[in-house]
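What the coordinates show
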Amino acid sequence: MPDYVHPELLVSTEWVAEHLSDPTVRIVESDEDRALYTQGHIPSAVEIDWAVDLQNQTERDYIDRAAFEKLCSERGISNDTTVVFYGDKNNWWACYAFWVFKLYGHTNCRVMNGGRKRWELDGRQWSTERVSYPHSHYTAQEQDGSIRALRDEVLKHQKAGKQLLDVRSPEEYRGERMHMPDYPNEGAIRGGHIPGAVNVPWPMNCNDDGTFKSAKELEKLYIKDLKMKRRSPTIAYCRIGERSSLTWFVLRYLLGFGNVKNYDGSWLEWGNCVRVPIAKGAEPGGPAAAAGSSSPAVHA
Amino acid sequence: MESIQQRLDELIGEFADLDAREKLELLVDFAHGLPPLSAEYEARKAVEDRRVHECQTAVFLWTEGTADAARLVAEVAAEAPTVKGFVAILADAINGRPVADVAAISDDMLERMGLADVLGILRTRGLRAIVARVKRGFANHASAAR
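Residues numbered from 1 in each chain as written. Chains lettered and ligands numbered in written order. Predicted model: local features only at pLDDT ≥ 70, side-chain atom pairs only at ≥ 80, totals over all residues.

Here's the deal with the overall build of chain A
Heads up, the condition is: Helix and strand assignments come from DSSP, with helices taken as H or I runs of at least 4 residues and strands as E runs of at least 2, each series counted from the N terminus. Our radius of gyration is a C-alpha quantity, and the globule rule it is checked against amounts to 2.2 Å times the number of residues to the power 0.38. Exposed residues have 12 or fewer other C-beta atoms within 10 Å of their own C-beta, buried residues have 20 or more, and partly exposed residues fall in between, where C-beta atoms are placed from the backbone. Residue pairs are scored as contacts if the distance between their C-beta atoms, which are placed from the backbone, is within 7 Å.
Secondary structure summary: chain A contains eleven helices and nine strands in total. Taken over C-alpha atoms, the radius of gyration comes to 19 Å for chain A, in line with the 19 Å a tight globule of 300 residues would show. Seen along its three principal axes, the alpha-carbon backbone of chain A occupies a region of about 65 × 50 × 40 Å. Residue burial in chain A is summarised as follows: out of 300 residues, 44% are buried. Long-range pairs, those at least 24 residues apart, make up 76% of the contacts in chain A between residues at least 6 apart in sequence.

Focus on the confidence of the model for chain B
How we decide: pLDDT is a per-residue confidence score from the predictor, ranging from 0 to 100.
Scored by pLDDT, chain B comes out at a mean of 92, with 97% of its residues at no less than 70. On the interface metric, ipTM, the complex scores 0.92, and its pTM is 0.93.

Thoughts on helix α1 (residues 4-16) of chain B
Think of an α-helix as 3.6 residues a turn; residues three or four steps apart then line up on the same face. All names here are of chain B. What counts is decided by this rule: Helix span, as expected, comes to 1.5 Å for every residue beyond the first. In this description, the arc belongs to the directions extending from the helix axis to the C-beta atoms.
With 13 residues, α1 should reach 18 Å at 1.5 Å per residue; the first-to-last C-alpha distance of 18 Å fits that figure. Buried within α1 are the following residues: Ile4, Leu8, Ile12 and Phe15. Projected onto a plane normal to the axis of α1, the buried residues spread over an arc of 65° and lie on a single side. In α1, the exposed positions angled more than 90 degrees off the buried face are occupied by Gln6, Glu10 and Gly13. Elements in contact with the buried residues of α1: α2 (20-33), α4 (81-94), α5 (109-113) and α6 (115-119).

Considerations on helix α4 (residues 92-103) of chain A
All names here are of chain A. Spanning twelve residues, α4 covers 16 Å between terminal C-alpha atoms, matching the ideal 16 Å at 1.5 Å per step. The buried fraction of α4 is high, at twelve of twelve residues. Residues of α4 that are buried: Trp92, Trp93, Ala94, Cys95, Tyr96, Ala97, Phe98, Trp99, Val100, Phe101, Lys102 and Leu103. For α4, the elements touching its buried residues are β2 (25-29), β4 (82-86), β5 (109-112), α5 (115-121), α9 (243-254) and β9 (260-262). Directly after α4, the chain includes glycine 105, whose backbone phi takes a positive value near 80°.

Digging into the environment of aspartate 19 of chain B
With respect to the element layout, aspartate 19 of chain B can be found in the loop between α1 and α2. Residue aspartate 19 of chain B is classed as exposed on the basis of its C-beta count, with 10 C-beta atoms lying within 10 Å.

Focus: the nonpolar core
For clarity, the threshold we go by: Put simply, a nonpolar core is buried Ala, Val, Leu, Ile, Met, Phe, Trp, Tyr and Cys residues tied into one set by C-beta atoms within 7 Å.
Counting 64 residues, the largest nonpolar core has Val84, Phe85, Cys95, Ala97, Phe98, Val100 and Ala236 of chain A as its most contacted members. Other than its neighbours up to four places away in sequence, alanine 97 of chain A contacts Val28, Ser30, Ile48, Trp50, Leu54 and Phe85 of chain A. Tyr37 of chain A together with Ala93, Val118 and Leu119 of chain B belong to the second largest nonpolar core, which has 43 residues in total.

Section: the sheet that holds strand β6 (residues 163-166) of chain A
Residues and elements named next belong to chain A. As a reminder, the rule being used: The criterion for strand pairing is that DSSP finds at least two bridges linking the strands in question.
On the basis of which strands lie adjacent, the open sheet formed by four strands has the order β7-β6-β8-β9 and parallel pairing. The open sheet has two edge strands with one neighbour each: β7 (198-199) and β9. Of the strand pairs in this sheet, β6 and β7 are connected by two bridges, and their pairing is parallel. Residue pairing across strands places leucine 165 opposite valine 198, the latter belonging to β7.

Focus on the interface of chain B and chain A
Contacts between chain B and chain A engage 23 residues on the former and 17 residues on the latter. Of all the secondary-structure elements, those providing two or more residues to the side of chain B that touches chain A are α2, α4, α6 and α7 (121-145) of chain B. The greatest single-element share of the side of chain B that touches chain A, amounting to seven residues, is contributed by α7 of chain B.

Following this line, the structure appears as structure tokens:
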């Protein structure tokens, strides 16, 4: 049975339970609902919230390098600390935080397979104690552009017909799910997907207990069925780059894709841009489809 | 009896003075205080369309009662303590007070509680959507009763 390409990046709840007081390890919880951490977290774990801690509150961007260094220092994370991420919802925000740590060049990052759900299912203990550590010294790297795609690059990538992955729900992909009265979260003006993108909803990466599917199942999904190539440049996106960080983790580390980026601007940017191509419906569309038809191609 | 807004002002005041961690702890306390659905509402949940579809979280709301005594009944998934706590705060302020007061619930309550900064923009919008939904529910309930 094939194993993941980088199995060492996943740790079990058992491993975490054995390393709760290991000074070289810092356990970090990142959740969709941040009150979950308050309600009960893994003993000795600190919280990093995606919205408040990782996002720049003025510009639409991640925190800058100095703010990232401060964030790590305040949580007692040093450059050589092994940081283990976990959270709710199949670890999607945990993967988001993992990705930001990789963006700033942190070397030793892990994900606790199964997240909060697996910890609960394994009958392990929760804590409501406040956790703090002495401040550490941390020096971040410049942002690693090899894992982050910005809009102009996505546009070039799309025009070239390269691998694009839309990890949202089929309804969002087809452009049907736009009428959300009272809930402006999905604040895009247009619905649909980036032409050429194939749709693999992110929950397909995970089992019911929150753990990742086996290497064999993931290979079947992406490589056998969708004919994606490990060596081709790939960009994944969703609504704000959160669900796609999980897919990015799967492609990059579990399946060993050599060049995969997360487009964090995602649909909240693309669906609001002027003159970018959009496809509706269940078919990817895109340059490959347009080349074979008599209808004029869409130009951005 | 105090109005809904007066009761909300008291609750908002309780939150306003706390630091971020304390605010979240108080929110979790409210979440724990939201009673489970009674057998009657459990039965109704199965046959009525009460799910707030705009929410990613499983939220079921009933906006009913008499003109003098509004009743907000809700069920929120346990894995969403922020939403659950917030709905519990609304229920605390609304229940047993005049339906006509609901419309006056101010839209800036999350800012005044200091929760907007603790939760971030997207989550704050989600909670505001619940306020809008509750207000709309009671407005429809009042006009249907007229």
